[in-house]
Amino acid sequence: MQYISTRGAAPVLTFEQAMLTGLARDGGLYVPESIPTLTEAEITAMAGLPYEDIAFRVMKPFIGETFTDAEFKSLIAQAYAGFGHAARAPLKQLAPNHFLLELFHGPTLAFKDFAMQLIGQLFQASLTRSGDRVTIVGATSGDTGSAAIEAFKGLSNVDVFILFPHGRVSEVQRRQMTTPAESNVHALAVDGDFDTCQGLLKDMFNDFDFRDRVRLAGVNSINWARVLAQVVYYFSAATSLGAPLRAVDFTVPTGNFGDIFAGYIARKMGLPIGKLVIATNQNDILHRCLTTGVYQTEGVTPSISPSMDIQVSSNFERALFDAYGRDGKAVAQLMDELKTTGQFTVSQGALQALREVFASGRVSEAETSATIKATLAQSAELLCPHSAVGVAVAEDHLGSNPMITLATAHPAKFPDAVEAASGIRPPLPPRMADLFQREERVTRMPNDRAALQALILQRISNVTTSNAAGV
Ligand SMILES: *Cc1c(COP(=O)(O)O)cnc(C)c1O
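Because the structure is predicted, anything quoted here is derived from the model rather than measured.

1. Here we look at the site of the ligand
Here is step 1: Lining the immediate surroundings of the ligand are 15 residues, of which Lys112, Asp143, Gly255, Asn256 and Thr408 lie closest.
Here is step 2: A distance of 2.8 Å is found between an oxygen atom of the ligand and a backbone nitrogen or oxygen belonging to Gly255.
Here is step 3: When atom positions are compared with the pocket grids, the ligand is found to occupy the largest cavity.
Here is step 4: Of the residues assigned to the shell around the ligand, the class counts are five nonpolar, seven polar and three charged.

Okay, here's the thing in C-alpha cells:
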C-alpha cells in the first residue's frame, strides 16, 4: 500500500514512512493510494469479536508488510492493555434508537488514546528496528497533547514537544501534560489559541532545514496512522448493532475532522453507514461550509467544549481531495486561497459529493449545558461537553437507522462545565486520582517560531551530549 499527498506534489511513501513523517513536504496530508474494501462476509465475522481482533482485521490491509502479523497483533494488544474497560469502546443505549459509543476509557480519558497508544507502539517498534531517533512536535487543544505525552513518555528514541494554548485548556488536561516526570517530555504553553499552535507546527514542518535536522515527526491527526486507528471503532460499534445487514448512522463531535474522517474511511471500506453527522460547537466553520459552500475562518471563540475550538480543520483537506476527484492541484489551489484570503468556495460538484455522505449541525453553549442536564435526567448518563454537542446534534438527525453518537471524553476531564450544567462534579477514576498532587513542569513560550525552534534544538542537543558522555 502506497501513500500519496492531497496536494499531489510530494514523494509517494510507504505506510511506515508516512507514519514517521506526518505532514507531506508539499504541505498536504498523506492518504492511501486506494481504499481497500472488506467483503460482507468479512464484516459479518467481526460481530462480537474482541476489539483487538477487529483492529487487526481493519488495519492490516493498510500497513502492508511494515510488521509481521504476529508483531502487529502484539503491538495492538499492548496498545489497548491499559484501557479501563474490557470492551475498549463500549456502546450504551440512550434512547430507543440512539446509542452512545464511549471512547474515554483510555489512560487520558479521551478518544485520542485509541490512536495515540497504538502509534506509540508502532513508532517504538519501527525506531528500535532502524536505530533512528525522532523529535515529535504536536499542537493540541488539550486532549491530543496529553494522549501523546502518555503514549511517548519514557521511550528511548523519541523526544516529545507539545504546544498547547496557554490558559485555554482545562486543568485536568493541563496537568496530564505537565506532570509526567520523564525527561523526554516537554510541555510548552504558547501565547495564543489552538490555531496559533497548529500554525506554528505547520510552519516548522515547512522549514525543511529544521525538519531534517531534528528529524521532525508529527502525531497530530494529520498523521495517517492516527486516522487509521480510529476507523476500527466504527466497525466494532456498527457490527454490534447488526451491520452489515443493517445500516447505521454516526454523529461525531468534530474539531479537526480526524475522527469523523475515520468514519468516512470505514464507509469507503464497505461498512454500511448511512449518514455521518458533523457536530460542531459555536466554532462552526464546517457546519457553515456544508450549508453554504463557503469555507471561511472567523476567530476562535473559547467554549465549554475546548477540544473543538478550532477554525482550520486540517483533515477536511482529505475529504476535499476525494470530493475533487483526487485532484491534488485543485486542493493546493484552495489551500493557497485559504492562506491568502482566509476563505475559499467549494465547487458545486464537490459540495454535492460531500453532502451525499455528511450532514451537520451546530450547538450553542446553552444547548450544550441543557443537553448534559437532560441526558442525565432521561438516560442516567453524565456527558462531557463535547459528547453533549454530539448528542444534541444527533437528536436532530434521528431516522430509521440506529444512531451512534461518539462520546469523545470522560466528564471528569471537564468537571467545571459538567458541574455547572448538572450539579454533579464527576470524580476522576481511581487510577488517576492523585493528578492534582503531582508536580507540574511547563515552559511558557511566545507565538514565535524562531524561539520555539531554538528551544527544541537546545533541548534535544542536551540529550545528545548527555548520551555522548555516557550519562
Ligand atoms: C479532539 C477532540 C474532538 C475533536 O476531534 P477531531 O478529530 O479533531 O474532529 C472532540 N472531542 C474531544 C473530547 C476531543 O479531544
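2. Description of the layout of surface pockets
Here is step 1: Size it by volume and the largest pocket reaches roughly 570 Å³.
Here is step 2: If you list the elements that add at least two residues to the lining of the largest pocket, you get α8 (194–206), α13 (316–323) and α14 (328–341).
Here is step 3: By residue number, the principal contributor to the lining of the largest pocket is α8, which donates six residues.
Here is step 4: Of the residues that constitute the lining of the largest pocket, the class distribution is seven nonpolar, eight polar and eight charged.
Here is step 5: Leu20, Thr21, Arg25, Arg215 and Leu216 are the residues nearest the centre of the second largest pocket, which is lined by 13 residues in total.
Here is step 6: Elements represented by at least two residues in the lining of the second largest pocket include exactly α1 (15–21) and α9 (208–214).
Here is step 7: Tallying contributions element by element places α1 first for the lining of the second largest pocket, with three residues.
Here is step 8: Taken together, the residues of the lining of the second largest pocket break down into seven nonpolar, two polar and four charged.

3. Examining empty space enclosed by the protein
Here is step 1: This structure, assessed with the given rule, holds three cavities of 30 Å³ or more.
Here is step 2: Size it by volume and the largest cavity reaches roughly 290 Å³.
Here is step 3: For the lining of the largest cavity, the secondary structure elements donating two or more residues are α6 (143–152), α10 (224–240), β10 (248–253) and α11 (258–268).
Here is step 4: Sort the elements by how many residues they give to the lining of the largest cavity and α11 lands first, with three residues.
Here is step 5: A per-class count over the lining of the largest cavity returns nine nonpolar, 13 polar and four charged.
Here is step 6: Put simply, the second largest cavity is a space of about 50 Å³.
Here is step 7: If you trace the second largest cavity, you find it lined by Val31, Pro32, Ile35, Trp224, Phe261, Ile265, Lys268, Arg318, Asp322 and Arg326.

4. Things to note about the packing of aromatic side chains
Here is step 1: Inspection of the entire model under this criterion finds 20 aromatic pairs.
Here is step 2: Here Phe62 and Trp224 contribute two aromatic rings whose centre-to-centre distance is 5.9 Å and whose plane-to-plane angle is 45°, an arrangement assigned as tilted. A residue pair is termed long-range when its members are at least 10 positions apart, and Phe62 in helix α3 (residues 51–63) and Trp224 in helix α10 qualify at 162 residues. Pair check on accessibility: Phe62 and Trp224 agree, each one buried.
Here is step 3: One aromatic cluster is present, built from ring pairs that chain together Tyr51, Tyr80, Phe83, Phe114, Tyr233, Tyr234 and Phe250.
Here is step 4: The aromatic ring of Phe208 is capped on one face by Arg25, whose charged end is 4.4 Å from the ring centroid.

5. Focus: the UniProt feature "domain: Tryptophan synthase beta chain-like PALP" (unreviewed entry) in the protein chain
Here is step 1: Here, UniProt's "domain: Tryptophan synthase beta chain-like PALP" (unreviewed entry) annotation points to residues 101–331.
Here is step 2: Helix makes up 45% of residues 101–331 and strand 18%, whereas the separation of the span's terminal C-alpha atoms amounts to 33 Å.

6. Re the nonpolar core
Here is step 1: By size, the foremost hydrophobic cluster in this structure holds 116 residues, and its most contacted members are Phe123, Phe152, Tyr233, Tyr234, Phe235, Phe250 and Phe358.
Here is step 2: No other element matches the 12 residues that α10 contributes to this core.
Here is step 3: Contacts of Phe235, omitting those with residues within four sequence positions, involve Leu38, Ile43, Met46, Ile54, Val58, Ala266, Met269 and Leu271.
Here is step 4: Core analysis: the next-biggest nonpolar cluster, separate from the first, contains 24 residues, Cys197, Leu200, Ile222 and Leu455 among them.

7. Some details on the confidence of the model for the protein chain
Here is step 1: Mean pLDDT over the protein chain works out to 94, with 98% of the residues at or above the 70 mark.
Here is step 2: Contacts from residues 465–471, a stretch scored under 50 in pLDDT, to residues over four places away or in other chains number one contact.

8. Here's the deal with the packing of α3 against helix α4 (residues 69–80)
Here is step 1: Close contact between α3 and α4 brings their axes to 10 Å; oriented N to C, the two are set at 130°. Taken together, the axes of α3 and α4 are oblique relative to one another. The two elements α3 and α4 cross, and the hand of that crossing is right-handed. Residues Tyr51, Glu52, Ala55, Phe56, Met59, Lys60 and Ile63 of α3 pack against Asp69, Phe72, Lys73, Ile76, Ala77 and Tyr80 of α4.

9. Considerations on the environment of Ser183
Here is step 1: With respect to the helices, strands and loops of the structure, Ser183 is situated in the loop between α7 (171–178) and β8 (185–190).
Here is step 2: Sequence separation between Ser183 and Asn97 is 86 residues, and the spatial gap between their C-alpha atoms is 48 Å.

About the thresholds
- Residues numbered from 1 in each chain as written.
- Predicted model: local features only at pLDDT ≥ 70, side-chain atom pairs only at ≥ 80, totals over all residues.
- Heavy atoms only, no water.
- Near = heavy atom within 4 Å.
- Polar contact = N/O pair within 3.5 Å; in protein donor to acceptor, adjacent residues only side chain to side chain.
- 1 Å grid on protein atoms, 1.4 Å probe; cavity = no way out; pocket = protein on both sides within 12 Å on 5 of 7 lines; lining within 4 Å.
- Sits in = over half its atoms within 2 Å of the grid points.
- Nonpolar A, V, L, I, M, F, W, Y, C, P; charged D, E, K, R; others polar.
- Points joined across faces, edges and corners; volume = space filled by probe spheres on them.
- Helix = DSSP H or I, 4+ residues; strand = E, 2+ residues; numbered from the N terminus.
- Phe/Tyr/Trp six-rings, centres within 6.5 Å; stacked < 30°, edge-to-face > 60°.
- Buried < 20%, exposed > 50% of the residue type's maximum accessible area, 1.4 Å probe, protein only.
- Lys NZ or Arg CZ within 6 Å of the ring centre and 35° of its normal.
- UniProt positions renumbered as here; feature names shortened; annotations may be inferred.
- Core = buried A, V, L, I, M, F, W, Y, C linked by side-chain atoms within 4.5 Å.
- Contact = heavy atoms within 4.5 Å.
- pLDDT = per-residue confidence, 0-100.
- Axes fitted to C-alpha atoms, helices over the stretch in contact; angles between N-to-C directions.
- Parallel < 35°, antiparallel > 145°, perpendicular 65-115°, else oblique.
- Left-handed = near helix turned anticlockwise from the far one by under 90°.

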